[in-house]
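Analysis of the macromolecular model
What follows is the residue order along each chain.
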Amino acid sequence: MQEKQMNPPPSTPDTDSLLRRLAGPSVNKAGLAKDQTVINRIIAEVSKGSKFYENEKRKDKDLTERIQQILRLRDEVVKGVDLSKVEQGVDKLIAQLEAKRDLSQVIVHVDMDAFFASVEVLDDPSLASKPFAVGGGVISTASYEARKFGVRSGMATFVAKKLCPELLVISSHYHRYSEMSNKVMSIFRRYDPTMCAAGCDEGYLNITKYCEEHSLTAEECVEEMRKTVYAETKLTVSAGIAPNKNKPNGQFKLDFEPGAIKAFMHDLSIRKVPGVGRVHERLLDSIGVKTCGDIYTQRAVLFLLDKHFGLEFLLQAYLGIASNVVQPGQREERKSIGAERTFNALSDTNKIYAKLEEIAAELEGDMEEGGWTGKTVTLKYKLDTFQVYTRARSFDRWISTKKEDLFAIGKELLKPELPLTLRLIGLRVTKLKDLRAEAESKARGIKRFFENASSSTSPKKKRRIGEAHANDGDDAPRLSQDGFALAMPDYGDDAEDDVLAHEDGHEDESSNHLPGRARSLSVKPKSTSAPPRRSSPPKPSSSKSSALSRPGPSTGDVEASSFLECPLCGRMLETDNQGLNEHIDFCLSKQAIKEAQAASLKPTSSTESTSGKMTSTKPKVRHKAKDQGHGEGLLRYRNKG
């Protein structure tokens, strides 16, 4: 076999994490071998010496250092803490979350099978049963025949051909994918007009009402839908049926029983949970969480490190509960609008400016078509070493949407950094203003005035909420309408690290999406440090100076009226009143655990002062204030020494 002929180097404990990282974010794609050890080692071998390899090696080193900090923090916070007491408290939280389980809704996750590849087979039937991939320098998607060799989306084409020498590489035809996507989505909307699309080839549907109106079981409805898709498009679709939006494995009907759901989740890899990225997978693995069942085993430690891992979200994953609110993305959820292009490495300044001008033209079209303007423009660029940098400028006015103005701003941000060798460049506008909403507001006139007058939230209160959030940056947890956590902390950073763009700027099918309403969250810039010049060695990104530090403010802006403050933990939450109430209940339960733990850790004897009063021995907290999340409050109750 090809794998044996290449004689890949033996794996060692020191290289295991790098091998997994080099394998890319699509290791869980359907059709791939369960044991990819040999394939991953071949990928590492053929990647050695490339700039991509060196960049991934650097990222792996940074993450390893972050893990070491997490482990040191874990060892510190458990000192003197009665973990059994913490576990008892978390068990109460689990019971509280269990009480929120809603089995009344039938939610279906639909996912087209190897969508890009399947569309290509429609146009060229000779490709059927052949190992082929769609893409250019990077694979967008691979046929199931190619996946047997380890070929997957997000993989460099030269690596894919090493794994499968007979691989055919087909150029992308995005107009066709868009055309077929529209046809498929229109069929899905017959069953749920308010379905939530999670990409061009997948989405979530609530078919409860349709089943009731047509006297169908969930299985009958989904079978009918899949047959309709095939009859009208000749494409196949897989579907998972469950009482919420957690994605089952392939085509599967999950029994609507709490025991069956928890059993299904127990052995499920934590990486397969929407809202958990590659970085968090390694972080969780370092504290012993590989599967959803391990969350329960490590629940006390996760409580103490809540700020870094997000206890509530993980407990939801363990229980197999999630939001069952399905609706399309709303305009007010839009945080940013942008465009970017990936290309072969360019050093010529004029050619780089030409690419920037193309992007400005594309962004102009998107902003005018969508009815958006904004106050902050961010330039993003990737060096030929695969390091990503950003530069941003904010204005005290709404910016022009004209190509010439967008290009001028981008050029102003890029010029001081030149000369550079780039392979990606992009522009993004944040702090958005919805021009359509403004036009509608003016049209409503006096009616809108009286509606605002009757609103329970005053303009002053809304301003305060908006200002508070602006200071918080992206730390605010995102909750669904029904009060469920949607992802782990800083998932946006992790998701961006997984997304790979191609020469023409389109993303591959491996791009991660947050479930439900959270999918429109904009991603924070990865770095704002000065890029390395060609005449000097690369400098480390400033974002790596403190792996556990609080992230800086996002350049995105948010509708202030959608943020509410928790009166207990003081955090700004992007949710509605129902979600806020659910969060308050959760905070109350967590506070009860802390109080119980405090009582259990009171010293058995106290030192009596000369005045006859008892003096308690309070422990000293050695952490900086910025590292104290509300989930780490038990540090206050740790015994001395």
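Above this text is the structure in question.
Here's a quick rundown of the structure. Quick caveat, the model's predicted, so the values are computed rather than measured.

What to know about the overall build of the protein
- When helices and strands are counted, the protein shows 24 helices and 18 strands.
- For the protein, with 641 residues in total, the buried portion stands at 48%.
- Considering only contacts within the protein whose residues lie at least 6 apart along the sequence, 72% involve residues at least 24 apart.
- On the protein, roughly 30200 Å² of surface is accessible, and the fraction owed to carbon and sulfur atoms is 50%.

Side note on the pattern of salt bridges
- One pass over the full model with this rule turns up 22 salt bridges.
- By sharing partners, the salt bridges in this structure join Asp 123, Arg 176, Glu 179 and Lys 183 into a single network.

Topic: the nonpolar core
- Judged by nonpolar contacts, the single largest core of 46 residues is most densely connected at Leu 284, Ile 295, Leu 302, Phe 309 and Leu 314.
- For this core, the secondary structure elements donating two or more residues are helix H4 (51-77), helix H5 (83-98), helix H12 (258-266), helix H13 (278-286), helix H14 (292-297), helix H15 (299-304) and helix H17 (311-319).
- Residue contributions to this core peak at seven residues, all from H17.
- Discounting residues that sit within four places of it in the chain, Leu 284 has contacts with Ile 270, Val 276, Val 289, Leu 302, Phe 309, Leu 314 and Met 488.
- Val 184, Leu 235, Val 237 and Ala 239 belong to the second-largest nonpolar core, a separate cluster that totals 37 residues.

A few points about the pairing of strand E7 (residues 237-242)
- Most of E7 sits out of view: five of its six residues are buried.
- Where E7 meets strand E8 (residues 252-253), two bridges bridge the pair, whose relative direction is parallel. Among the inter-strand pairings, Gly 240 is bridged to a residue of E8, identified as Phe 252.

Structural notes on the packing of helix H18 (residues 349-370) against helix H19 (residues 403-414)
- With their axes 8 Å apart at the nearest point, H18 and H19 run at an angle of 135° to one another. As summarised for this structure, H18 and H19 are arranged oblique, according to the angle between their axes. The handedness of the crossing between H18 and H19 is right-handed. On H19, the residues that touch Ile 352, Tyr 353, Leu 356, Glu 357, Ala 360, Ala 361, Leu 363, Glu 364 and Met 367 of H18 are Lys 403, Leu 406, Phe 407, Gly 410, Lys 411 and Leu 414.
- Considered class by class, the residues forming the contact of H18 with H19 number ten nonpolar, one polar and four charged.

As for the pairing of strand E3 (residues 139-142)
- The pairing of strand E2 (residues 132-135) with E3 spans three bridges and is antiparallel. Looking at E3, one finds that Ala 133 is bridged to Ala 142.
- Counted between consecutive antiparallel strands, the loop separating E2 from E3 contains three residues.

Comments concerning the sheet that holds strand E9 (residues 336-346)
- The strand order E9-E13-E11-E12 describes an open sheet built from four strands, whose pairing is antiparallel. Only two strands of the sheet have a single neighbouring strand rather than two, namely E9 and strand E12 (388-394). For this sheet the average axis-to-axis angle between neighbouring strands, irrespective of direction, equals 15°.
- Inspection of the sheet shows strand E11 (residues 376-383) paired to E12 by seven bridges, in the antiparallel sense. Its bridge partner being in E12, Lys 382 is matched across the sheet by Val 388.
- Its contacts with the sheet put H18 on E9, E11 and strand E13 (422-430), and the angle it makes with E9 is roughly 155°.
- Against the sheet, H19 touches E11, E12 and E13, its axis set at about 55° to E11.

Overview of the sheet that holds E2
- One open sheet accounts for three strands, arranged E3-E2-E4; its pairing is mixed. One side of each edge strand has no neighbouring strand; the edge strands of this open sheet are E3 and strand E4 (168-170). Across the sheet, the mean angle separating the axes of adjacent strands is 30° when strand polarity is ignored.
- By the bridge criterion, three bridges tie E2 to E4 in an arrangement that is parallel.

Digging into H13
- With seven of nine residues buried, H13 lies mostly within the body of the structure.
- Buried within H13 we find Arg 278, Val 279, His 280, Arg 282, Leu 283, Leu 284 and Ser 286.

Description of the packing of aromatic side chains
- For the structure shown, the criterion picks out nine aromatic pairs.
- Ring geometry for Phe 115 versus Phe 116: centroids 6.0 Å apart, planes at 50°, classification tilted. Both residues of the pair, Phe 115 and Phe 116, belong to the buried class.
- Pairing Phe 116 with Tyr 174 gives two aromatic rings, centres 5.9 Å apart and planes at 90°, and the pair type is edge-to-face. In this pair, Phe 116 sits in helix H6 (residues 115-123) while Tyr 174 sits in helix H9 (residues 174-191), placing the two residues 58 residues apart along the sequence. Across the pair, Tyr 174 and Phe 116 agree in class, each one buried.
- Chaining the aromatic ring pairs together yields one cluster made of Phe 115, Phe 116, Tyr 174 and Tyr 177.
- Looking at Arg 299, its charged tip hangs above the ring of Tyr 296, at a distance of 3.7 Å from the centre.

Some remarks on the packing of H12 against H17
- Contact pair H12 / H17: the axes reach a minimum separation of 7 Å and the direction vectors enclose 110°. Relative to H17, the element H12 is oriented roughly perpendicular. Where H12 approaches H17, its residues Ile 261, Lys 262 and Met 265 are matched on the opposing element by Ala 317, Tyr 318 and Leu 319.
- The class makeup of the residues in the contact of H12 with H17 is five nonpolar, no polar and one charged.

As for unusual backbone geometry
- Cis geometry marks the peptide bond from Leu 418 to Pro 419; its omega dihedral reads 5°.
- Note that Pro 419 resides in the loop between H19 and E13.
- Within the chain, Lys 234 stands out as a residue other than glycine whose phi angle is a positive 65°.
- Looking at the element boundaries, Lys 234 is found in the loop between helix H11 (218-233) and E7.
- The phi dihedral of Phe 386 is positive, around 75°, even though this residue is not glycine.
- Position of Phe 386 among the secondary structure elements: in the loop between E11 and E12.

A word on the side chain of Thr 228
- Its place among the elements puts Thr 228 in helix H11.
- According to the relative accessible area criterion, Thr 228 is buried, its value standing at 17%.
- Within the structure, the side chain of Thr 228 is placed 3.5 Å from the side chain of Tyr 191, a separation counted as a polar contact.
- Aside from chain neighbours lying at most four places away, what touches Thr 228 is Ile 187, Arg 190 and Tyr 191.

Let's talk about the environment of Glu 232
- If you trace the backbone, Glu 232 turns up in helix H11.
- For Glu 232 and Lys 183, which are 49 residues apart along the polypeptide, the C-alpha to C-alpha distance reads 8.4 Å.
- Setting aside residues no more than four positions away along its own chain, Glu 232 makes contact with Ile 187 and Arg 190.

Conventions we followed
- Residues numbered from 1 in each chain as written.
- Predicted model: local features only at pLDDT ≥ 70, side-chain atom pairs only at ≥ 80, totals over all residues.
- Heavy atoms only, no water.
- Helix = DSSP H or I, 4+ residues; strand = E, 2+ residues; numbered from the N terminus.
- Buried < 20%, exposed > 50% of the residue type's maximum accessible area, 1.4 Å probe, protein only.
- Contact = heavy atoms within 4.5 Å.
- Areas by Shrake-Rupley, 256 points an atom, 1.4 Å probe, with all protein chains shown as cover.
- Salt bridge = Lys/Arg side-chain N within 4 Å of Asp/Glu carboxyl O.
- Core = buried A, V, L, I, M, F, W, Y, C linked by side-chain atoms within 4.5 Å.
- Pairing = 2+ DSSP bridges.
- Axes fitted to C-alpha atoms, helices over the stretch in contact; angles between N-to-C directions.
- Parallel < 35°, antiparallel > 145°, perpendicular 65-115°, else oblique.
- Left-handed = near helix turned anticlockwise from the far one by under 90°.
- Nonpolar A, V, L, I, M, F, W, Y, C, P; charged D, E, K, R; others polar.
- Phe/Tyr/Trp six-rings, centres within 6.5 Å; stacked < 30°, edge-to-face > 60°.
- Lys NZ or Arg CZ within 6 Å of the ring centre and 35° of its normal.
- Polar contact = N/O pair within 3.5 Å; in protein donor to acceptor, adjacent residues only side chain to side chain.

Interpretation note: all reported values are geometric properties and have no functional meaning in isolation.
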